[in-house]
Amino acid sequence: MQTIKQSILDRGLQSNAKIILPEIDDGRIMKATKKLISMGYNIVSINDYDNNYDNYLEMLSRMKFCKNWPYEEIKKYLEDPLHYGMMAVANGDADALVAGAKTSTSEVIRSSIRIIGISNDSNCVSSIFFMISKDNKQYFTYSDCGVIPEPDVNQLVDIAYNASNFHQLLSNKEPKVAFLSFSTKGSSEHYRVERVKEAVKLFGRKHKDIIHDGELQFDSAMVPEVAKLKSPLSKLKGKANVFIFPNLDSGNIAYKITERIGGYCALGPLLQGLRKPIHDLSRGCRVDDIILVAAISALQKRT
């Protein structure tokens, strides 16, 4: 039986997407690039677009964030390989970009928002971690674990919608979304709980076709026996596969515990809510992680 990782690699290859990994002086990126090319992936270099420099410079000068910058400062900004790669994606010369091996998450996200922009059907940029068990038999989507510290009600709804779509794309399985809290169905009262409740109501109005429930404690969301006791009427029945965390503290801590103690592979932070596929890497990433994230970006190529 094909593993989930192999499925992602095979399906990503079929898209023939042009992928940029701009951090070409990082040893892991160099090794991943060679492996991806040997597998048949279409990995392009920022050097392939040297002739587009003047065009990118003109495009950049018209972008809102640097409209009042001195000309020399705009040129200096474009000299950064990350920004140059972003311009190639923005101009349609490449389909996706993966960075973060040596660049901070904040810089990858800031550059993405500035140059690529937020998609028309999103109100924010957020992230997921796709968590894969050692035996490749279980996989879950955690969100948001890397971007928004205190998401409001509308952001939680947006995060959950994008995460559910991402989960379906990666796993080929129907998403079952759990809005998590330290409370299950009113077992505790707190303003944080109320925020999650409001998000669940709004999500139900906007996306009633997606199976979801909340507010739920983690065990009520994923353990059928616990769900029978704590939330017997839940549509999830303890079988959630997409977990929406109420804030960045809980999400970030949860994915790292799952990775380090549970032994899961944590792919991400995979960015969502952008106009084109841009993904961040952990600075502690391995070559295999880079290869899988590149494959995911290819899988997202829009036809």
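Everything quoted here is computed from the prediction, not taken from an experiment. (Residues numbered from 1 in each chain as written. Predicted model: local features only at pLDDT ≥ 70, side-chain atom pairs only at ≥ 80, totals over all residues. Heavy atoms only, no water.)

**A short note on the nonpolar core**
In step 1: Judged by nonpolar contacts, the single largest core of 51 residues is most densely connected at I19, F130, L170, F179 and I244.
In step 2: At ten residues, helix α12 (residues 287-299) tops the list of elements feeding residues into this core.
In step 3: Every residue in contact with F130, bar those within four places of it in the chain, is listed here: I4, I8, Y139, F140, T141, H167, L170, S171, C265, A266, L267 and L270.
In step 4: Formed by 30 residues, the second largest nonpolar core is a distinct cluster that contains I46, Y49, Y56 and L274. (Core = buried A, V, L, I, M, F, W, Y, C linked by side-chain atoms within 4.5 Å. Buried < 20%, exposed > 50% of the residue type's maximum accessible area, 1.4 Å probe, protein only. Helix = DSSP H or I, 4+ residues; strand = E, 2+ residues; numbered from the N terminus. Contact = heavy atoms within 4.5 Å.)

**What to know about the packing of helix α1 (residues 4-14) against α12**
In step 1: Where α1 contacts α12, the axes come no closer than 8 Å and their chain directions differ by 50°. Taken together, the axes of α1 and α12 are oblique relative to one another. Classified by chirality, the crossing of α12 by α1 is left-handed. Where α1 abuts α12, its residues K5, I8, L9, R11 and G12 lie against I291, L292, A295, I296, A298 and L299.
In step 2: Residues that form the contact of α1 with α12 fall into these classes: eight nonpolar, one polar and two charged. (Axes fitted to C-alpha atoms, helices over the stretch in contact; angles between N-to-C directions. Parallel < 35°, antiparallel > 145°, perpendicular 65-115°, else oblique. Left-handed = near helix turned anticlockwise from the far one by under 90°. Nonpolar A, V, L, I, M, F, W, Y, C, P; charged D, E, K, R; others polar.)

**Here we look at the packing of helix α3 (residues 53-62) against helix α4 (residues 71-78)**
Any two packed helices are characterised by how steeply their axes cross, that is the angle between the axes, and by the distance between the axes.
In step 1: One way to put it is that α3 packs onto α4 with a least axis distance of 10 Å and a crossing angle of 120°. On the basis of their axis angle, the class for α3 and α4 is oblique. Of the two possible hands of crossing, α3 and α4 adopt the one that is right-handed. Across the interface between the two elements, Y53, Y56, L57, L60 and S61 from α3 touch Y71, I74, K75, Y77 and L78 from α4.
In step 2: Residue classes in the contact of α3 with α4 are distributed as eight nonpolar, one polar and one charged.

**Some remarks on the pattern of salt bridges**
In step 1: As enumerated under the stated definition, the model contains twelve salt bridges in all.
In step 2: For E198, the salt bridge is made with K201, and the minimal N-O distance between the two is 3.7 Å. One end of the pair is E198 and the other is K201, both in helix α8 (residues 191-206) and three residues apart, which spans about a single turn.
In step 3: The network of salt bridges with common partners includes E150, R192 and R195. (Salt bridge = Lys/Arg side-chain N within 4 Å of Asp/Glu carboxyl O.)

**Some thoughts on helix α6 (residues 105-116)**
Helical geometry: 3.6 residues make up each α-helical turn, so side chains three or four residues apart lie on a common side.
In step 1: An ideal rise of 1.5 Å per residue puts 16 Å on twelve residues; α6 measures up with 16 Å between its terminal C-alpha atoms.
In step 2: Buried within α6 are the following residues: E107, V108, I109, S111, S112, I115 and I116.
In step 3: Where the residues of α6 are buried, they touch α4, α5 (81-90), β3 (96-99), β9 (265-272) and β10 (278-280).
In step 4: The first or second residue beyond α6 is G117, which carries a positive phi of 90°. (Expected span 1.5 Å × (residues − 1).)

**Describing α1**
In step 1: Residues of α1 that are buried: I4, S7, I8, L9, R11 and G12.
In step 2: Where α1 is buried, its residues touch α2 (27-39), β4 (126-132), β5 (139-143), α7 (153-171) and α12.
In step 3: Among the residues trailing α1, N16 stands out with phi positive, at a value near 55°.

**So, the confidence of the model for the protein chain**
In step 1: Confidence in the prediction for the protein chain averages 93 pLDDT; 98% of positions are at 70 or higher.
In step 2: Within the protein chain, no element has a lower average pLDDT than β9, which sits at 90, and none a higher one than strand β8 (residues 242-244), at 98. (pLDDT = per-residue confidence, 0-100.)

**A word on the environment of S171**
In step 1: Mapped onto the fold, S171 is located in helix α7.
In step 2: Residue S171 is classed as buried on the basis of its relative accessible area, which comes to 5%.
In step 3: The spacing of S171 and Y139 is 32 residues in sequence and 7.9 Å in space, taken between C-alpha atoms.
In step 4: Once residues lying within four places of it in the same chain are set aside, the contact partners of S171 are I4, R11, F130 and Y139.

**Things to note about the packing of aromatic side chains**
In step 1: One pass over the structure, following the stated rule, counts 13 aromatic pairs.
In step 2: On the numbers, 5.3 Å between centres and 65° between planes, the contact of Y142 with F245 is edge-to-face. Highlighted residues: Y142 in strand β5 and F245 in the loop between β8 and α11 (248-260), separated in sequence by 103 residues.
In step 3: Seen from their ring centres, F179 and F203 are 5.4 Å apart, and the 65° between their planes marks the pair as edge-to-face. (Phe/Tyr/Trp six-rings, centres within 6.5 Å; stacked < 30°, edge-to-face > 60°.)

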